[in-house]
Amino acid sequence: MNDAAKQTVLQHFPYGLYAVTVTHGGEEHGMTANWVTQASFEPPMVAMAIENTSRTIGLLRDARHYVINVFLEGQRELAGKLGRSSANAPQKLKGIKTKPAPTWGGPILSDGLGWLECRLVATLPAGDHTLVLGEVVEAGTEHPDGRPLTQQQAGLTYPAGSPRE
């Protein structure tokens with residue numbers, strides 16, 4: 001394979017930045033993700049890829065529900081904070097304004113653009129990541145007139161600067 005061509009093409013994929021949050025065993029956790037997409041209209045479903053070594057993948061499997069929050073333009077610093085390794089920043093949601101999602105109580109970022117509360121439907125191994133399929137059970141907007149933060153706007157590049165958990 002032509003690695004240079006592969007990297008060039010993948011760098012041009014447009015990626016949003018999202019905060020994936022979960023509550024399990026009395027603990028709230030969050031991470032920045034960028035490989036997130038709608039997967040179905042009916043029922044409404046989303047798919048995302050989570051790194052196999054992340055703390056989040058185990059929490060998602062155990063909790064069976066989670067929230068995908070859309071970052072607003074200008075939330076680069078927050079996306080960076082949630083993108084840090086959990087080993088170096090175990091309580092990444094500390095000091096961030098959240099509220100409980102209506103169905104299961106997972107953390108919603110109060111200052112984000114909007115959110116999707118999801119029920120875990122399936123996981124599938126995908127190389128160094130795990131694909132997570134979730135059914136959207138509730139949704140809301142916090143700043144409906146806002147614009148989403150993208151990976152390009154945040155100055156992150158594929159793959160070296162992509163958010164890590």
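Computed from a predicted structure; not experimentally measured.

Trainee: What am I meant to see in the sheet that holds strand S1 (residues 18–24) here?
Mentor: Either a parallel or an antiparallel arrangement is found when strands of a sheet pair, and the pairing is made through backbone hydrogen bonds. The strand order across the open sheet built from seven strands is S2-S1-S5-S8-S9-S4-S3, with neighbouring strands paired in antiparallel fashion. Two strands close off the open sheet at either side, each with one partner strand: strand S2 (27–33) and strand S3 (36–40). Across this sheet, the average inter-strand angle for adjacent strands is 35°, counted without regard to direction. Relative to strand S8 (residues 114–126), strand S5 (residues 65–70) runs antiparallel, the two being bridged by six bridges. Its bridge partner being in S8, Tyr66 is matched across the sheet by Cys118. Across the sheet, helix H2 (residues 55–63) is in contact with S1, S2, strand S4 (45–51), S5, S8 and strand S9 (129–141); its angle to S1 comes to roughly 55°.

Trainee: Mind showing me how you'd approach the pattern of salt bridges here?
Mentor: Where side chains of opposite charge bring their charged atoms close, a pairing between them can arise. Scanning the model with the defined rule gives four salt bridges in all. Across the pair Glu27 and Arg55 runs a salt bridge whose closest N-O atoms are separated by 1.8 Å. Of the two residues, Glu27 sits in strand S2 while Arg55 sits in helix H2, which places them 28 residues apart along the sequence. Looking at Glu27, the relative accessible area reads 28%, which means it is partly exposed. Among the salt bridges present, the one from Glu142 reaches Lys99, with a minimum N-O distance of 3.1 Å.

Rules used in this analysis
Residues numbered from 1 in each chain as written. Predicted model: local features only at pLDDT ≥ 70, side-chain atom pairs only at ≥ 80, totals over all residues. Heavy atoms only, no water. Pairing = 2+ DSSP bridges. Helix = DSSP H or I, 4+ residues; strand = E, 2+ residues; numbered from the N terminus. Axes fitted to C-alpha atoms, helices over the stretch in contact; angles between N-to-C directions. Contact = heavy atoms within 4.5 Å. Salt bridge = Lys/Arg side-chain N within 4 Å of Asp/Glu carboxyl O. Buried < 20%, exposed > 50% of the residue type's maximum accessible area, 1.4 Å probe, protein only.

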